[in-house]
Structures are given as structure tokens and as C-alpha cells.
Amino acid sequence: MSEEDSQSLIAAAQRARLQSVAPFSNFLVGAAVRTENGKVYTGCNIESASYGLTVCAERVAIWKALSEGERHFTELAVVADTESLTPPCGTCRQIIWEFAKSASILLANLKGESETLHISDLLPRAFDARFLKKASQK
């Protein structure tokens, strides 16, 4: 993707961040995922009083895209208002590995700093369906 495309995806994630529902942490996160055909789906974090039911922005964006039939992703941007660039949590890393493995991951903050990674940088030796197939063959 071009720098312009990446910046537009980061901007979409910044806008999505403003829709966050984070009354407990006040930690607003936005995400945007771009499909192979250029369509963008956004997500924000949504907290629940039952903390374990909280959902991260990355998963919201990916699930929205998946629910619309999308299966191939090229980029995922994650934006938070932090000094250091904020990577996805462990649960999101697993979801990214399973559903957006080939996507570049753009981490960004509101100061204009960004970094591009691959999910294998964030989740080395990931678990996926390959292991389930081996187990079911026994």
C-alpha cells in the first residue's frame, strides 16, 4: 500500500476511536482494516461493566468485515492516544493471526507517530488450525 493509503487508514481508525465506549478505563482505541478490494471497516473498543465482556477495537473491525463476507485483508491500523505506540492485546493478536494474517499492522498515536509490523512480529509461533488438524488425525 502507498503512504497515502496507509495515512487514510490511520485517519479512519482515528475517527473510529472517537466512538469508543470506555467509561471505566477512558482508554479510547480505534481500528480500521482494509480488504483486498480496498473497502475499509472500522471498530472501536467497547467496555462492559462485566470487564471480561469488553471488546477491543481490532476485533470489532475484523468481525464487522467478516460478518459482511470479507476474508482477505491487506492492512490493519490501530490508534490510541499514548506516548508509546500501543500494540494489540494477546486476544487480538490471535484473531489477527487467524483472520488477517497477511495484513500489515500499522500502529499509530495522535502525535503522528506510526510503525508498520507483521503479526508474526507480535505473535511468534502462533497457534492455529494446523495444530487442530494434527490432533484430529490421531
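See the structure printed just above.
On a predicted model such as this, the values are computed, not experimentally measured, just so you know.

Caption draft 1: Local environment of the side chain of Glu 70. Locating Glu 70 in the fold gives a position in the loop between α2 (57-67) and β3 (73-80). At 3.3 Å, the side chain of Glu 70 and the side chain of Tyr 41 are in polar contact. With near-sequence residues (within four places) excluded, Glu 70 lies in contact with Thr 35, Asn 37, Lys 39, Tyr 41 and Ala 65.

Caption draft 2: Representation of helix α1 (residues 3-17). Here α1 is 15 residues long and its end C-alpha atoms lie 21 Å apart, about the 21 Å a rise of 1.5 Å per residue gives. Residues of α1 that are buried include every one of Ser 6, Leu 9, Ile 10, Ala 12, Ala 13, Ala 16 and Arg 17, and no others. Looking straight down α1, one finds its buried side chains confined to an arc of 155 degrees; they lie on one side. What points out from α1, more than 90 degrees from its buried face, is the exposed set Glu 3, Glu 4 and Arg 15.

Caption draft 3: Molecular detail of unusual backbone geometry. The backbone phi angle of Asn 26 is positive, close to 55 degrees, even though this residue is not glycine. One can find Asn 26 in the loop between α1 and β1 (29-35).

Caption draft 4: Structural context of the side chain of Arg 34. Looking at the element boundaries, Arg 34 is found in strand β1. Exposure remark for Arg 34: the relative accessible area of 6% places this residue in the buried category. Here the side chain of Arg 34 touches Ser 8 through a polar contact of 3.2 Å, side chain to side chain. Ignoring sequence-local partners within four residues, the contact set of Arg 34 consists of Met 1, Asp 5, Ser 6, Ser 8, Leu 9, Lys 39, Val 40, His 72, Phe 73, Thr 74 and Glu 75.

Caption draft 5: Layout of the pairing of strand β2 (residues 40-44). Pairing between β1 and β2: 5 bridges, direction antiparallel. Directly across from Ala 32, in β2, lies its bridge partner Thr 42. Here β1 folds back onto β2 in antiparallel fashion, the turn holding 4 residues, of which Gly 38 has a positive phi close to 95 degrees.

Conventions we followed
Residues numbered from 1 in each chain as written. Predicted model: local features only at pLDDT ≥ 70, side-chain atom pairs only at ≥ 80, totals over all residues. Heavy atoms only, no water. Helix = DSSP H or I, 4+ residues; strand = E, 2+ residues; numbered from the N terminus. Polar contact = N/O pair within 3.5 Å; in protein donor to acceptor, adjacent residues only side chain to side chain. Contact = heavy atoms within 4.5 Å. Expected span 1.5 Å × (residues − 1). Buried < 20%, exposed > 50% of the residue type's maximum accessible area, 1.4 Å probe, protein only. Arc of directions from axis to C-beta. Pairing = 2+ DSSP bridges.

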